[in-house]
Amino acid sequence: MIRSFVTVLSGTLTSRLLGFGRDALMAALLGAGPVADAFLAAFQLVNVARRLLTEGALNAALVPAWLRIYQQAGSTQAAAFAGRVLGTVSACLLAATIALALLMPIAMMVLAPGFAGDETLTLAVNDARLMLPYLAFAGPSTVLLALSSARGRFALAAFAPLLFNVALIAVTIVLLTQHADPSRAALLLAATIGIAGLLQLAMLAQRGGRSNVASPVRVSLDAEMRGFFAKALPGMVASAAPQLLVIGGAIIASTTPSAVSWLYFANRLIELPLGLVGVATGTVLVPELTRALQAGNKEALSRVQSRGVELTMGLALPATLGLMILNEPIVRLLFEHGAFGSQDAAATARVLTWLAAALPAQVLTKALQPAFFAREDTQTPLRATLIGCGTAIALAFLLGQIFAVSGIAAGLALGAWANAAVLLRRGSTRFGFDLQPASRRRLPRIALAAAIMAAVLWIAAAHAGEADGGHHLGAALLLTALIGGAAILYATLLAALGVVSLRETMLAIRQRPARDLPAGDLHL
């Protein structure tokens, strides 16, 4: 499992770093005014819909179902099932894309009520319509990626999304060099998103066509497909909980100028650690847990669940504290360029502090959800997500009246913790979710290592002087040194406290994951 986890982490880290470069360029090109608010509101709509499908969400239903059919009926029946899923998902998303294009003014009024009666609404509608073709391409792409994960082939799922960011970065650089008008630039970027989806699907179709993993491709709404979608849709919504929280915050923030942009850019920093953990857990844990359940291997089941919690919290805690301590230097370095000014950077940094407080809850949710998905229970995570989103929206509205956009971010953080609490309680009562003794010993040590690292980082940052000022090479190098030094210190503390062993970790990374195996063949 460790090797698969590292493979997915590597691909996701590369994609997220490219995403930072993309957003830094977009901030310089569009700034944080009406044009940026319109573009980012449209982008969040498409992004949430995309993540309802991608980033491990469809794995929640497709992987357990495919593995069950593979085990019971063989590869031919599994391929036929996958072909029906591929054809039906593609047809449904094409129809949904056309309908959403026609209803886009109403959709944007719901998502950004503060834009009503303003030119920003027209800009957002135009941007969103140009982005929509991406959704039609994302459906079949996601099915092919999920099938790769089910067969233990994680590298393709990890690195395929790179095309999306590469295409946007290339176009943004061209627009910056030409000093394009922001309104025109936003439209060109929106159109590029659809083209990026087409490139990704073409690559996956070429790879998938050689393996016949989904064949024949056809549209079907038979009883089996209806049962599949009845389980898939709740799981897809539950997996997109972090993005739904941000959409809720954007709805409330749309009445405040530039607040949508501040929330978006702060959340992009949260999405680096969240994406690393979320994609890895959704892509790796669901297949591993499903194989353990189908084999009746309770020891393997407990071990995978416990290691999942350890890995996610081990990544989330230092990231949370690091983002809180270095919030302003990071935001200034990445986004304070061109049209994105110092006041925008300061507001974004304040929002980042509150959103970072939600990160441990969000990664804990990502670690807990696969335990339900592997049992083909998508209703419980859906109910937890709805409770969390309802809590977040209510608190964001109340706190936003008092503390403006920072209050909105605080409400979103509390909603994320409500989601995690519901999942933890339901998991404990329904199937006795528990940690192995070794994990219960290691988790407090992980927390201690993160706390010590944070204290040292806070002292170092306070004495760094210019760490939060300027945009020159020296500031970038100083911030890189602070982050790199903190990471090295954290790893050293984990080793000193007996949490990790370098030798055992390297052996685990070298161990190959299961590929195309029946459910009983476990390689953890």
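Residues numbered from 1 in each chain as written. Predicted model: local features only at pLDDT ≥ 70, side-chain atom pairs only at ≥ 80, totals over all residues. Heavy atoms only, no water.

### Some details on the overall build of the protein
Of regular secondary structure, the protein possesses 21 helices and 0 strands. Long-range contacts, defined as pairs at least 24 residues apart, comprise 85% of the intrachain contacts of the protein with a sequence gap of at least 6. A total accessible area of about 20400 Å² is found for the protein, and carbon and sulfur atoms account for 66% of it. (Helix = DSSP H or I, 4+ residues; strand = E, 2+ residues; numbered from the N terminus. Contact = heavy atoms within 4.5 Å. Areas by Shrake-Rupley, 256 points an atom, 1.4 Å probe, with all protein chains shown as cover.)

### Concerning helix α20 (residues 473-496)
With 24 residues, α20 should reach 34 Å at 1.5 Å per residue; the first-to-last C-alpha distance of 34 Å fits that figure. Within the sequence span of α20, burial applies to Ala475, Leu479, Leu482, Ala486, Tyr490, Leu493 and Leu494. Positive backbone phi, approximately 80 degrees, marks Gly498, located one or two places after α20. (Expected span 1.5 Å × (residues − 1). Buried < 20%, exposed > 50% of the residue type's maximum accessible area, 1.4 Å probe, protein only.)

### Here we look at the pattern of salt bridges
Here the structure, examined in full by the defined rule, presents 8 salt bridges. Between Arg268 and Glu271 there is a salt bridge whose closest N-O contact spans 2.4 Å. Here Arg268 and its partner Glu271 are both found in helix α13 (residues 259-295), 3 residues apart, which amounts to about one turn of the helix. By the burial criterion, Arg268 is buried, and Glu271 matches it. (Salt bridge = Lys/Arg side-chain N within 4 Å of Asp/Glu carboxyl O.)

### A word on the side chain of Glu271
Classification of Glu271 as buried rests on a relative accessible area of 5%. Within the local environment of Glu271, its side chain forms a polar contact with the side chain of Arg268, the two groups lying 2.4 Å apart. (Polar contact = N/O pair within 3.5 Å; in protein donor to acceptor, adjacent residues only side chain to side chain.)

### So, a nonpolar patch on the surface
Side chains of Leu94, Ile98, Leu102, Leu103, Ile106 and Val110 sit close together on the surface and give an oily, nonpolar patch of about 630 Å² of accessible area. Listed by contribution, the elements that provide at least two residues to the nonpolar patch are α4 (75-102) and α5 (104-111). No other element matches α4, which puts 3 residues into the nonpolar patch. Among the secondary structure elements, Leu103 is positioned in the loop between α4 and α5. (Patch = residues over 30% accessible without salt bridge, like charges linked within 9 Å, V, L, I, M, F, W, Y side chains within 5 Å.)

### A few points about the environment of Ala61
Considering the arrangement of structural elements, one finds Ala61 in helix α3 (residues 59-73). A C-alpha to C-alpha distance of 9.4 Å links Ala61 and Ala230, two positions 169 residues apart in sequence. For Ala61, the residues in contact, after removing those within four places along its chain, are Phe228, Lys231 and Ala232.

### Re the packing of helix α19 (residues 437-463) against α20
When two helices pack together, their arrangement is given by the angle between their axes and by how far apart the axes lie. Between α19 and α20, whose axes approach to 9 Å, the crossing angle comes to 150 degrees. Between α19 and α20, the crossing angle belongs to the class labelled roughly antiparallel. Crossing of α19 against α20: the hand is right-handed. Residue-level inspection shows Ile446, Ala449, Ala450, Ile452, Met453, Val456, Leu457, Ala460 and Ala461 of α19 in contact with α20, the latter providing Leu482, Ala486, Leu489, Tyr490, Leu493 and Leu494. Taken together, the residues that form the contact of α19 with α20 break down as 15 nonpolar, no polar and no charged. (Axes fitted to C-alpha atoms, helices over the stretch in contact; angles between N-to-C directions. Parallel < 35°, antiparallel > 145°, perpendicular 65-115°, else oblique. Left-handed = near helix turned anticlockwise from the far one by under 90°. Nonpolar A, V, L, I, M, F, W, Y, C, P; charged D, E, K, R; others polar.)

### So, the side chain of Ser220
Within the fold, Ser220 resides in the loop between α10 (182-211) and α11 (223-239). Of the polar contacts made by the side chain of Ser220, one reaches the side chain of Asp222; its length is 3.1 Å. Excluding residues that lie within four positions of it along the chain, Ser220 makes contacts with Arg84, Thr88 and Met225.

### Examining the environment of Pro444
Mapping Pro444 onto the fold places it in helix α19. Classification of Pro444 by relative accessible area gives exposed; the value is 51%. In this structure, the C-alpha to C-alpha distance between Pro444 and Val499, residues 55 residues apart in sequence, is 9.7 Å.

### Re the nonpolar core
Grouped together as the largest cluster of nonpolar side chains are 115 residues, with contacts concentrated most on Phe39 and Met108. Sort the elements by how many residues they give to this core and helix α18 (residues 379-431) lands first, with 13 residues. Setting aside chain neighbours within four positions, we find Phe39 in contact with Met26, Leu30, Asp127, Met131, Ala186, Leu189, Ala190 and Ile193. (Core = buried A, V, L, I, M, F, W, Y, C linked by side-chain atoms within 4.5 Å.)

### Concerning the packing of aromatic side chains
Following the criterion strictly, the structure yields 11 aromatic pairs and no others. Aromatic pair Phe265 and Phe340: ring centres 5.3 Å apart, planes at 80 degrees, arrangement edge-to-face. Within this pair, whereas Phe265 is found in helix α13, its partner Phe340 is found in the loop between α15 (327-335) and α16 (342-357), the two being separated by 75 residues in sequence. For the residue pair Phe265 and Phe340, the accessibility class agrees, reading buried in each case. Among the aromatic residues, those joined into a ring-pair cluster are Phe39, Phe43, Tyr134, Phe164, Tyr264, Phe265, Phe335 and Phe340. (Phe/Tyr/Trp six-rings, centres within 6.5 Å; stacked < 30°, edge-to-face > 60°.)

### Details of unusual backbone geometry
Geometrically, the link from Ser215 to Pro216 is a cis peptide bond, its omega value of 0 degrees lying close to zero. Looking at the secondary structure, you find Pro216 in the loop between α10 and α11. Residues other than glycine seldom take positive phi values, yet Ala404 does so here, at roughly 60 degrees. In this structure, Ala404 sits in helix α18. Judged by its relative accessible area of 45%, Ala404 falls in the partly exposed class.

### Let's talk about the confidence of the model for the protein
With 85% of its residues at a pLDDT of 70 or more, the protein has an overall mean of 82. Long-range and interchain partners of residues 513-524, a stretch whose pLDDT sits below 50, account for 41 contacts in this model, where long-range means more than four residues apart. (pLDDT = per-residue confidence, 0-100.)

### Quick notes on the environment of His463
Checked against the element boundaries, His463 lands in helix α19. Within the structure, the side chain of His463 is placed 2.9 Å from the backbone oxygen of Ile459, a separation counted as a polar contact.

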